[in-house]
Amino acid sequence: MNSIVTEYEPLTAGTIQVRLGHIEAIRERLGPDADKWRASEVGDGNLNLVFIVTGPRGSVIVKQALPYVRLVGDSWPLPLKRAFFEFHALKRQAARDPGMVPEIYHFDEGQALIVMEFLHPHVILRQSLMAGTRHEGLADAMGKFCARTLFRGTDLAMEAPARKRDLALFAENIELCDITENLVFSDPYFDAELNHHTSPQLDDIVARMRRDIDLKVAAQEMKAKFSNNAETLLHGDLHTGSIMVTAQETRVIDPEFAVYGPIGFDIGMLLANFLMAYYAQPGHAASAGARQDYQEWILGVVAEIWRVFQSEFSQLWRSERNGILFQKSLFEDQGDALGAEQALGRRLNAIWHDTLGFAGAEIIRRTLSLAHIAEYDQIESDDMRAACERKGLLLGRQILVNREGIANMQAALDLARIIERGEMG
Ligand code: SR1
Ligand code: MG
């Protein structure tokens, strides 16, 4: 019952047995009798098909790119090659932070599909944050993931020829990069076709933001940093929908937006999504104030991710700085360890301010541009949703425009709390 399709063709739950039944790597995991496999399509993301396929021996995930943006439909074509970039990014992330991404069992470039480990009983972190669930080790895992994957993709760590070849490979991820450049950094600030926001409640702040020259300049400065600074291989879409968790375990999925960019981009996007989850909590609380402790837990995660990132990045700086930048021959080898520490401090400081800028841009785009977040969308009352979103927008604007003036995490979180208390309008 095997059928080897050579032209790209989207899978369905009904064709998976026939289409994939001959692939040894899958047969090993599910059992050799494909008649006994059962598939269901569970994709709830913006772009792809995702199937859970279960057989007598176990389950796998089959992820297949569609030739268009699923969220919008076939009026927005999107290259299948994104599966190729996701495959290569997963390989690199697995090498740079072992155990943090799903294992790949099979990749078919022509069919734009990746067969990978079924993470169970993991759930998408976004869902968990709405439910008010705490996760041990989440901040530690994510701080280390950011430090390890981002440091190990730079010219601080990699051999220059390998990095240049890699940079050229991921530079072809043009269309997904284009989505980020438009949706994150430009669309929120004009009347882009696919924008939407909670209306009329947010109409005033949306109009104000589009007239806000400081804000638009800051957003374009961050866009320039994103487009012009091929510093490291980014995950490219590191939000809380790209993280799967159990009570104790954290894994990262979905790096199809992978591209070379500035270190602060991934961290900024990640922290922004926690900050939005913070503001969304009143919309998910059983009664007023019931989620206050949980909100503080979320801010604790934000602070801890940044603390762990800095600590791990510093350790890697000291132990794995074997690339062409800040060579040890210029510092430690001349007995000048202090110089290397000074350079590290300056780099971390610059990453911090970039992180704030990218976080601000991400918060604003998730509220005003095309792709919103479930934490806001699932708040039924328009007034409640708008109140949460407005606070996010206020914080987003502050940390984007004033990113250079916010000295540390404590100051950023104080600002988040002031806005949550309604003390800044
Ligand atoms: C058209 S794709 C919209 C968004 O979904 C992805 O998850 C990325 O965040 C992208 O910006
Ligand atoms: Mg995704």
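Look a little higher up for the structure.
Please read all numbers here as calculations on a predicted model, not as lab measurements.

**Overview of the sheet that holds strand β8 (residues 123-124)**
And then number 1: The 3 strands are arranged β8-β10-β11 in an open sheet whose pairing can be described as antiparallel. Bordering the open sheet on either side are β8 and β11 (250-252), each of which pairs with just one other strand.
And then number 2: Pairing of strand β10 (residues 243-245) with β11, which is carried by 3 bridges, proceeds in the antiparallel orientation. The residue of β11 that forms the bridge with Met 244 is Arg 251.
And then number 3: In the packing of helix α5 (residues 138-151) onto the sheet, the strands contacted are β10 and β11, and the crossing angle to β11 comes to about 35°.

**Notes on unusual backbone geometry**
And then number 1: Cis geometry marks the peptide bond from His 120 to Pro 121; its omega dihedral reads 10°.
And then number 2: Summarising the element assignment, Pro 121 is placed in the loop between β7 (113-117) and β8.
And then number 3: Of the consecutive residues Ser 199 and Pro 200, the connecting peptide bond is found in the cis state with omega at 10°.
And then number 4: Inspection of the secondary structure puts Pro 200 in the loop between α7 (174-185) and α8 (203-211).
And then number 5: Within the chain, Asp 254 stands out as a residue other than glycine whose phi angle is a positive 70°.
And then number 6: In this fold, Asp 254 is placed in the loop between β11 and β12 (259-261).
And then number 7: With a relative accessible area of 23%, Asp 254 lands in the partly exposed category.
And then number 8: Even without glycine at this site, Phe 326 takes up a positive phi of about 50°.
And then number 9: Position of Phe 326 relative to the elements: it lies in the loop between α11 (292-319) and α12 (337-368).

**Examining the site of ligand 1**
And then number 1: Around ligand 1, the structure places 13 residues, and the nearest of them are Asn 46, Asp 237, Phe 257, Arg 365 and Arg 366.
And then number 2: In this structure, an oxygen atom belonging to ligand 1 sits 2.7 Å away from a side-chain N or O atom of Asp 237.
And then number 3: Between an oxygen atom of ligand 1 and a side-chain N or O atom of Arg 366, the distance comes to 2.9 Å.
And then number 4: Going through the elements one at a time, α7 and α12 are the ones with two or more residues in the shell around ligand 1.

**Examining empty space enclosed by the protein**
And then number 1: Evaluation of the coordinates by the stated rule reveals 2 cavities of 30 Å³ or more.
And then number 2: Considered as a void within the structure, the largest cavity measures approximately 90 Å³ in volume.
And then number 3: Along the wall of the largest cavity there are 13 residues; nearest its centre are Leu 275, Leu 356, Ile 399, Met 409 and Ala 412.
And then number 4: Considered class by class, the residues forming the lining of the largest cavity number 12 nonpolar, 1 polar and no charged.
And then number 5: One number sums up the size of the second largest cavity: a volume of about 40 Å³.
And then number 6: Surrounding the second largest cavity, Asn 48, Lys 63, Gln 64, Ala 65, Arg 82, Ala 83, Glu 86, Ala 112, Ile 114 and Glu 256 form its lining.
And then number 7: When residues of the lining of the second largest cavity are traced back to their parent elements, those giving at least two are β3 (59-65) and α3 (82-96).
And then number 8: Classifying every residue of the lining of the second largest cavity gives 4 nonpolar, 2 polar and 4 charged.

**Section: the packing of α8 against helix α14 (residues 382-401)**
And then number 1: Closest axis-to-axis distance for the α8/α14 pair is 11 Å, and the angle between their directions is 15°. Comparing the axis directions of α8 and α14 gives the class roughly parallel. Between α8 and α14 lies a crossing whose hand is left-handed. Taken together, the residues of α14 that come into contact with α8 (itself represented by Asp 204, Ile 205, Arg 208 and Met 209) are Arg 390, Leu 393, Leu 394 and Arg 397.
And then number 2: A class-by-class count of the residues in the contact of α8 with α14 yields 4 nonpolar, no polar and 4 charged.

**Digging into helix α6 (residues 160-170)**
And then number 1: By the burial criterion, the buried members of α6 are Ala 160, Arg 163, Asp 166 and Phe 170. Viewed along the axis of α6, the buried residues span an arc of 125°, placing them on a single side of the element. Among the exposed residues of α6, those pointing more than 90 degrees away from its buried face are Lys 164 and Arg 165.
And then number 2: In the core, the buried residues of α6 are packed alongside α3, β9 (232-234) and β12.

**Here's the deal with the side chain of Thr 250**
And then number 1: Assignment of secondary structure puts Thr 250 in strand β11.
And then number 2: Beyond its immediate sequence surroundings of up to four residues, Thr 250 is in contact with Met 100, Gly 137, Leu 138, Ala 141, Met 142, Ile 243, Met 244 and Val 245.

The rules we used
Residues numbered from 1 in each chain as written. Chains lettered and ligands numbered in written order. Predicted model: local features only at pLDDT ≥ 70, side-chain atom pairs only at ≥ 80, totals over all residues. Heavy atoms only, no water. Pairing = 2+ DSSP bridges. Helix = DSSP H or I, 4+ residues; strand = E, 2+ residues; numbered from the N terminus. Contact = heavy atoms within 4.5 Å. Axes fitted to C-alpha atoms, helices over the stretch in contact; angles between N-to-C directions. Buried < 20%, exposed > 50% of the residue type's maximum accessible area, 1.4 Å probe, protein only. Near = heavy atom within 4 Å. Polar contact = N/O pair within 3.5 Å; in protein donor to acceptor, adjacent residues only side chain to side chain. 1 Å grid on protein atoms, 1.4 Å probe; cavity = no way out; pocket = protein on both sides within 12 Å on 5 of 7 lines; lining within 4 Å. Points joined across faces, edges and corners; volume = space filled by probe spheres on them. Nonpolar A, V, L, I, M, F, W, Y, C, P; charged D, E, K, R; others polar. Parallel < 35°, antiparallel > 145°, perpendicular 65-115°, else oblique. Left-handed = near helix turned anticlockwise from the far one by under 90°. Arc of directions from axis to C-beta.

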